[in-house]
Number of protein chains: 2
Amino acid sequence: MSADHADEPRIMLAHGGGGVMMQELIGGLILRHLGNPTLNRLEDAAVLAPCRSRLAFTTDAFVVKPIFFRGGDIGRLAVCGAVNDLAAVGAEPLALSLSLVIEEGLAISVLDRVLQSVAATAAEARVEVVTGDTKVVERGAADGLFLITAAIGAVCDGVNLSPAEVRPGDAVIATGTLGDHGIAIISQRSGIEFESPVQSDVAPLSGLLAHLFAEDGSPHYHQGTKAPGTERSLSENSRRSPCLGALVVKLRAAVHCMRDPTRGGTAAVLNEIAAAAKVEIEIEESLLPIRPEVAGACDMLGFDPLYVPNEGRLIIFCAEDAAAPLVARLRSHPLGAGAVRIGSVMKAARAGPEHSRTGRVVLRTRVGGTRIVAAPYGEQLPRIC
Amino acid sequence: MSADHADEPRIMLAHGGGGVMMQELIGGLILRHLGNPTLNRLEDAAVLAPCRSRLAFTTDAFVVKPIFFRGGDIGRLAVCGAVNDLAAVGAEPLALSLSLVIEEGLAISVLDRVLQSVAATAAEARVEVVTGDTKVVERGAADGLFLITAAIGAVCDGVNLSPAEVRPGDAVIATGTLGDHGIAIISQRSGIEFESPVQSDVAPLSGLLAHLFAEDGSPHYHQGTKAPGTERSLSENSRRSPCLGALVVKLRAAVHCMRDPTRGGTAAVLNEIAAAAKVEIEIEESLLPIRPEVAGACDMLGFDPLYVPNEGRLIIFCAEDAAAPLVARLRSHPLGAGAVRIGSVMKAARAGPEHSRTGRVVLRTRVGGTRIVAAPYGEQLPRIC
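Rules used throughout
- Residues numbered from 1 in each chain as written.
- Chains lettered and ligands numbered in written order.
- Predicted model: local features only at pLDDT ≥ 70, side-chain atom pairs only at ≥ 80, totals over all residues.
- Heavy atoms only, no water.
- Axes fitted to C-alpha atoms, helices over the stretch in contact; angles between N-to-C directions.
- Helix = DSSP H or I, 4+ residues; strand = E, 2+ residues; numbered from the N terminus.
- Parallel < 35°, antiparallel > 145°, perpendicular 65-115°, else oblique.
- Left-handed = near helix turned anticlockwise from the far one by under 90°.
- Contact = heavy atoms within 4.5 Å.
- Nonpolar A, V, L, I, M, F, W, Y, C, P; charged D, E, K, R; others polar.
- Core = buried A, V, L, I, M, F, W, Y, C linked by side-chain atoms within 4.5 Å.
- Buried < 20%, exposed > 50% of the residue type's maximum accessible area, 1.4 Å probe, protein only.
- Expected span 1.5 Å × (residues − 1).
- Bend = angle between axes of the 7 residues up to and from the residue.
- Buried area = accessible area lost by both parts, 1.4 Å probe.
- Polar contact = N/O pair within 3.5 Å; in protein donor to acceptor, adjacent residues only side chain to side chain.
- Salt bridge = Lys/Arg side-chain N within 4 Å of Asp/Glu carboxyl O.
- Pairing = 2+ DSSP bridges.
- Least-squares fit on C-alpha atoms with pLDDT ≥ 70 in both.

*Asks:* Can you tell me about the packing of helix H6 (residues 206–213) of chain B against helix H11 (residues 320–331) of chain B, naming the residues and giving the values?
*Replies:* Residue and element names in this part refer to chain B. Viewed as axis vectors pointing N to C, H6 and H11 meet at an angle of 135 degrees, and their least axial separation amounts to 10 Å. As summarised for this structure, H6 and H11 are arranged oblique, according to the angle between their axes. Considering how the two elements wind past one another, H6 and H11 form a crossing that is right-handed. Here Leu-208, His-211 and Leu-212 of H6 come into contact with H11, specifically with Leu-326, Arg-329 and Leu-330. Residues belonging to the contact of H6 with H11 are distributed by class as follows: 4 nonpolar, 1 polar and 1 charged.

*Asks:* Please give an account of the nonpolar core that cites residues and values.
*Replies:* Of all hydrophobic cores here, the largest spans 64 residues; its most connected members are Leu34(B), Leu111(B), Leu145(B), Leu147(B) and Ile183(B). Top contributing element to this core by residue count: helix H3 (residues 74–88) of chain B, with 8 residues. When sequence neighbours within four positions are dropped, the list of residues in contact with Leu145(B) reads Phe62(B), Ile67(B), Ile74(B), Val101(B), Ile102(B), Leu106(B), Leu111(B) and Val114(B). In this structure, Ala82(A), Val110(A), Val118(A) and Val198(A) belong to the second largest nonpolar core, which totals 63 residues.

*Asks:* Lay out helix H1 (residues 20–34) of chain A with the relevant residues and their values.
*Replies:* Residue and element names in this part refer to chain A. A rise of 1.5 Å per residue sets the reference length of H1, with its 15 residues, at 21 Å; its end C-alpha atoms lie 19 Å apart and thus fit the reference within 8%. If you look at H1, its biggest bend is around 30 degrees, right at Ile-26. Every buried residue of H1 is listed here: Met-21, Met-22, Leu-25, Ile-26, Leu-29, Ile-30, Leu-31, His-33 and Leu-34. Where the residues of H1 are buried, they touch helix H2 (37–40), strand S5 (91–103), helix H4 (108–124) and strand S6 (129–137).

*Asks:* Before we move on, could you go through the interface of chain A and chain B and cite the residues and values that matter?
*Replies:* The interface is formed by 79 residues belonging to chain A together with 79 residues belonging to chain B. Note on chain A versus chain B: buried area summed over both sides is about 6,000 Å², and carbon and sulfur give 59% of it. Looking at the side of chain A facing chain B, the largest losses of area belong to Asp44(A), Phe57(A) and Arg263(A), adding up to 14% of the total buried there. For the pair chain A and chain B, the interface holds 33 residue pairs in polar contact (both at pLDDT 80 or more). Where the side of chain A that touches chain B is concerned, the elements lending two or more residues are H1, strand S1 (46–48), strand S2 (55–62), helix H3 (74–88), S5, S6, strand S7 (145–155) and helix H9 (265–277) of chain A.

*Asks:* Would you mind going over the side chain of Arg383(A) in detail, with residue names and values included?
*Replies:* Position of Arg383(A) among the secondary structure elements: in the segment after strand S16 (370–372). A relative accessible area of 6% places Arg383(A) in the buried class. Polar contacts involving the side chain of Arg383(A) include one to the side chain of Asp143(A), which spans 3.0 Å. Other than its neighbours up to four places away in sequence, Arg383(A) contacts Val63(A), Val64(A), Lys65(A), Asp143(A), Phe146(A), Ile185(A), Arg189(A), Val136(B), Val137(B), Glu138(B) and Ala141(B).

*Asks:* Residues and numbers for the pattern of salt bridges, please.
*Replies:* In total, this model carries 43 salt bridges over all chains according to the counting rule given. Close ionic contact of Arg364(A) with Glu282(A) constitutes a salt bridge, the shortest N to O distance being 2.8 Å. Pair noted here: Arg364(A) is in strand S15 (residues 360–364) and Glu282(A) is in strand S10 (residues 279–284), with a separation of 82 residues, a long-range link. A cluster of three or more residues bridged by salt bridges with shared partners is formed by Arg41(A), Glu43(A), Asp44(A), Arg259(B) and Glu272(B).

*Asks:* Tell me about the pairing of S2(A), residues and numbers included.
*Replies:* Extensive coverage of S2(A) is indicated by the burial of 8 of its 8 residues. What you see with S2(A) is no split at all: Leu55(A), Phe57(A), Thr59(A) and Ala61(A) on one side and Ala56(A), Thr58(A), Asp60(A) and Phe62(A) on the other are buried throughout. Relative to S7(A), S2(A) is paired through 8 bridges, and the arrangement is antiparallel. When the sheet's bridge partners are listed, Phe62(A) is paired in S7(A) with Leu147(A). Two elements, S2(A) and strand S1 (residues 46–48) of chain B, share 3 bridges in a ladder whose sense is antiparallel. Along S1(B), the bridge assignment pairs Ala56(A) with Val47(B).

*Asks:* Give me the relation of the copies chain A and chain B: which residues, what numbers.
*Replies:* For the match of chain A to chain B, the screw axis carries a shift of 0.0 Å, the RMSD comes to 0.0 Å, and the turn is 180 degrees. A rotation of that kind, with that shift, is consistent with a two-fold axis. Relative to the rotation axis, the closest C-alpha in chain A is found at Ala142(A), a distance of 2.1 Å.

*Asks:* Talk me through the side chain of Asp60(B); I want residue IDs and the actual numbers.
*Replies:* Its location among the elements puts Asp60(B) in strand S2 (residues 55–62). Apart from the residues within four sequence positions on either side, Asp60(B) is in contact with Ser99(A), Asp133(A), Lys135(A), Gly81(B), Ala82(B), Asp85(B), Leu147(B), Ile148(B) and Thr149(B).

*Asks:* Lay out the sheet that holds strand S7 (residues 145–155) of chain B with the relevant residues and their values.
*Replies:* Pairing is mixed in the open sheet, where 5 strands are placed in the order S1(A)-S2(B)-S7(B)-S5(B)-S6(B). Of all strands in the sheet, those with a lone pairing partner are S1 of chain A together with strand S6 (129–137) of chain B, marking the two edges. Adjacent strand axes in the sheet meet at a mean angle of 20 degrees, parallel and antiparallel pairs treated alike. Here strand S5 (residues 91–103) of chain B pairs with S7(B) via 11 bridges, running antiparallel. Residue Ser97(B) lies in a different strand from S7(B), and its bridge partner there is Ala150(B). Most of the contacts of helix H1 (residues 20–34) of chain B go to S6(B), to which it runs at about 135 degrees, and overall it touches S5 and S6 of chain B. Packed onto the sheet, H3(B) meets S2, S5 and S7 of chain B and runs at close to 150 degrees relative to S2(B).

So this is what it looks like as structure tokens:
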């Protein structure tokens, strides 16, 4: 890892032992970066205000290799993974948890950098780490550092996102370029140098979500350290306001489903939705937003960019008449600046002996042909997140 | 691990790749054990009903070795760890998340047994796994299997548990025998055979919690798969009822703080509370509930049972006048059958150059002497949970 100095302070098994050394690690390093009134109490569980909105709950484990990569690191990834899973169901983050599984011998400076990144990314996403856990395992029992986050969110009223809502006629929109994160990791891991190195797109999408579904584009609901009873929600605020923008109302109803294309990439998302909604999804090769350097790296390494993960993008399914205003709204936010429509949802053809409709994904190529985009099978890119 | 058959099916990297193989693992194994209407949707995040109670939120990572031990396994431990952290703040569980970090090559039969145990323990705790994640890392990058749980809970109204509530005069109560879990693991790991082998005490304490704080001793609030809007809470039910038992009302106010003595054992809990509340905690050696076989193993292995973890016990601080009824109430539940008072909270002596009060823990020995119970320092028992 960053083992330049043989004598630099390192994590020992005792740092996970529940004693004074663990308290010192938590008090001295973790709270210095992540401290807030809720976390500082170090209770067995954090106590938060009630929430009148529907709750969203998600978890993700992060085993990315290398820990630090172009455009991000495991800390940023762990916060974004949780926050973006909430965004995909239309929820703004209320609270984060962070579990650390550390291999004995990890340089404390590495942990320090990672925690700094967790703190910065959580601040960017306007959420706090309110509870956590630290385990240390002996050398060889884990690879450096694994981070596991969970997050609670509040689902925006009037938003009901589900594959079951996707219907023929819907537009398919990508919020930005595809494949950046995976190529950033894999090129770095394989030691390939490009003229213009690809940066990961890893970013927390809570701000973009609020930009779509909240009147003034900023999250209203931020509960972390507030006393119980003082909480207000985005949705409640909006209900109270007489001047709720017509666009926001339209988008809350018109957006049918969202997914962040992580493992398995855009192809996995499209196939999952096509299968669940029993529709055909047609995408246009000429419309796919793929950076030339990502396309070049994919050519060289033998990957199809549709299968390469992102960590800061959404694939959005929305009603046709909302597609243009949605793309325009996305483009007026930094994390949606590259938004484009990439295709449409069609009726699935009846097929098979029972003539039932089966979902599939079809790519219209630049030369006018079509090809099936199959669901990914096994592992293209291990430890990409 | 359970690698008796060289040709038995094993986890491959591709099982974590986000493709068809991962879907097969999730659909074929994970949902078979843990499936419920919320989890079955396999959304990026689970969507749950609103919660009018204060929310509790906790996470824990589990790296226990061996995975299967006398009295439990990593699956049962992972559910209990989360549920018991909620119990310690007076919250009943609403929903669980489960992240798996699996080493390539793990026998699928091992994962199957662990998931079965997760399911059984969650059912016992009346909670469901509603969201999860699966990562596979290459051989050597993790030791078999790590489980990471997070949990959301609803804090019972009228219950306010915190070290700050602990005051001189309070009674200190243990809900059962001390040190069982740690000795079960360490004796098994070191290959020591006892005449009567020690079983781990690992158990979910949500039922015991409801027994203390709910009118009829059963959790009223179980939200998992209910439609939004239909939820009722333990506390709301109780408010509505005209015949809420006087004992329950008394206990809700009289219990000041609870902790489950996991890593660092009872000594860590007592020292943490003594330091936070700036009190002296005096415990009586003759009152400590320690099984003879645990005491014997500790003698042989050189451990002090006060520092050995439990995974199914609570240390409770409560007002003196509630101590006897609390112990009686605990004893009328299977998981509190061994409840005893172990000591009292005293005013801390003024000490040091500033004559400020500093918390400490004192043991009155059987022969009438006293000794300080120091906070644990480093690691007595690695990978105990």
